[in-house]
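Notes for the structure review
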Amino acid sequence: MDYLKANGLVAASPDLFVAAQKKGMSSVDAGSSSGSSGAIGRIQVGMRLEAVDIRHPTLICCATVTSVQPSAGRVEVHFDGWGPEYDYWCQWSDEGLHPVGWCAANGRALQPPHGAGPSFGGWETYLASNGYSAVPRNVFSAAQCSGMPAVATFEVGMRLEAVDRKNPSMVCAASVVGVDTGAGRVEIHFDGWNDHYNYWCSIDDDDIHPVGWCSHVGRNMIPPNGNRLACMPEYMCLLCIHLSGHLLVCLAGWLSLCRRCAFLELVSLRKMPFRDFRFVLRSVNLSLSASPIRLMLTMKVTRSD
């Protein structure tokens, strides 16, 4: 979060992520999940949607939310142009409720407001000409949105945490640098690295997470390249690899031990003000299973103030 504040950056809202991408986060930090009881709090009386006529289940009509009971998770549905005798209450999760545009996406006939006839002109015209608003798409569950193309509500520049697909054990500070609205995809860029490592993924891909996910699930997040001293943890590991008589040292975890930095970070190490830090050996783990032999040293790092 300090990185975001210091650079005037914006994190992608947790509400843009599905439940699987927020697994392990508290309900407060994870925001409202689509279709959950928390989402109903964002529904306002007067918002429009598409709803099944429970008396004639083959009909799906233009409808309005006329009342909301957040504690019970219920809404009252009214069919536009018809009398209140056809209104009904249902759970917000009822699969007979759909976002505006669901019928068109699924090839179903939408019953226009009673009396509107050809003058209805479709949802866009109807909403704009009357000053109405639709229930937000991300308030509905996946089942209620079935058949509709994914909507990418992410914006370029938003920050998140993303898995490095070339090193799946690593989760890094990342940015959204591209949005494909029609396909529901985003392009991920790792902060501080070049575009060579970018990748496209679905907005509900399990490899992307809200800011703060790593800290909640106990994972180490790789900070932006070039900002490691500001984000350095108290503990880190030194990996010493003996190659042809030369001892190479790389800071794993803090300096992202991977194909990207194995040599680049060696240069950074030479520039580090070692006199400002005190290294205390915590543990030693000698591995003989790989070639060359690898010696893992867990160190505690503190400033020598």
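Keep in mind that what you see is a predicted model, and the values were worked out from it rather than measured.

So, the nonpolar core
One finds I43, L49, V75, V77, W92, L97 and V135 to be the most contacted residues of the largest nonpolar core, which totals 24 residues. Those elements that place two or more of their residues in this core are β1 (48-53), β2 (56-69), β3 (74-79), β4 (88-91) and α3 (102-106). Of the residues forming this core, the biggest block, four residues, is contributed by β2. Look past the residues within four positions of L97 in its chain and what remains in contact with it is L49, E50, A51, V75, V77, Y88, C90, Q91, W92, F140 and Q144. With 21 residues, the next largest nonpolar core counts A12, L16, C172 and I222 among its residues.

Concerning the state of the cysteines
Under the definition given, this model contains zero disulfides. Free cysteine C62: the closest other cysteine sulfur is in C61, separated by 7.7 Å. On the accessibility criterion, C62 (2% relative accessible area) is buried.

Some points on the environment of R42
Within the secondary structure, R42 is located in the loop between α2 (27-30) and β1. Classification of R42 as partly exposed rests on a relative accessible area of 25%. Measuring from C-alpha to C-alpha, the distance between R42 and V139 comes to 7.5 Å, with 97 residues separating the pair along the chain.

Remarks on helix α4 (residues 123-130)
Every buried residue of α4 is listed here: W123, Y126 and L127. In a view along the axis of α4, the buried residues occupy a sector of 90°, so they form one face of it. Exposed positions of α4 whose direction lies more than 90 degrees from the buried face are E124, A128 and S129. On its buried face, α4 is in contact with β1, β2 and β6 (110-111). Positioned one or two residues after α4, G131 has a phi angle of 70°, which is positive.

Re the packing of aromatic side chains
For the structure on display, the rule yields 10 aromatic pairs. Members of the aromatic cluster, each reached through a chain of ring pairs, are F120, W123, Y126 and Y132. The cationic tip of R48 hangs over the ring face of Y132; the distance from NZ or CZ to the ring centre is 3.6 Å.

Some words on the pattern of salt bridges
A side chain of one charge can pair with a side chain of the opposite charge when the charged atoms of the two come close. With the rule as written, the count across this model stands at five salt bridges. Among the salt bridges present, the one from R159 reaches D191, with a minimum N-O distance of 3.3 Å. Of this pair, R159 sits in strand β7 (residues 159-164) while D191 is found in the loop between β9 (185-190) and β10 (199-202), placing the two residues 32 residues apart along the sequence. Here R159 falls in the buried class, since its relative accessible area comes to 16%. Take D191: its relative accessible area is 3%, and that puts it in the buried class. With a shortest N-O distance of 2.8 Å, D205 and R165 are connected by a salt bridge. Here D205 is found in the loop between β10 and β11 (208-209), whereas its partner R165 is found in the loop between β7 and β8 (167-180), with 40 residues between them in sequence. Via salt bridges that share partners, R165, D205 and D207 belong to a single interconnected network.

What counts as what
Residues numbered from 1 in each chain as written. Predicted model: local features only at pLDDT ≥ 70, side-chain atom pairs only at ≥ 80, totals over all residues. Heavy atoms only, no water. Core = buried A, V, L, I, M, F, W, Y, C linked by side-chain atoms within 4.5 Å. Buried < 20%, exposed > 50% of the residue type's maximum accessible area, 1.4 Å probe, protein only. Helix = DSSP H or I, 4+ residues; strand = E, 2+ residues; numbered from the N terminus. Contact = heavy atoms within 4.5 Å. Disulfide = S-S within 2.5 Å. Arc of directions from axis to C-beta. Phe/Tyr/Trp six-rings, centres within 6.5 Å; stacked < 30°, edge-to-face > 60°. Lys NZ or Arg CZ within 6 Å of the ring centre and 35° of its normal. Salt bridge = Lys/Arg side-chain N within 4 Å of Asp/Glu carboxyl O.

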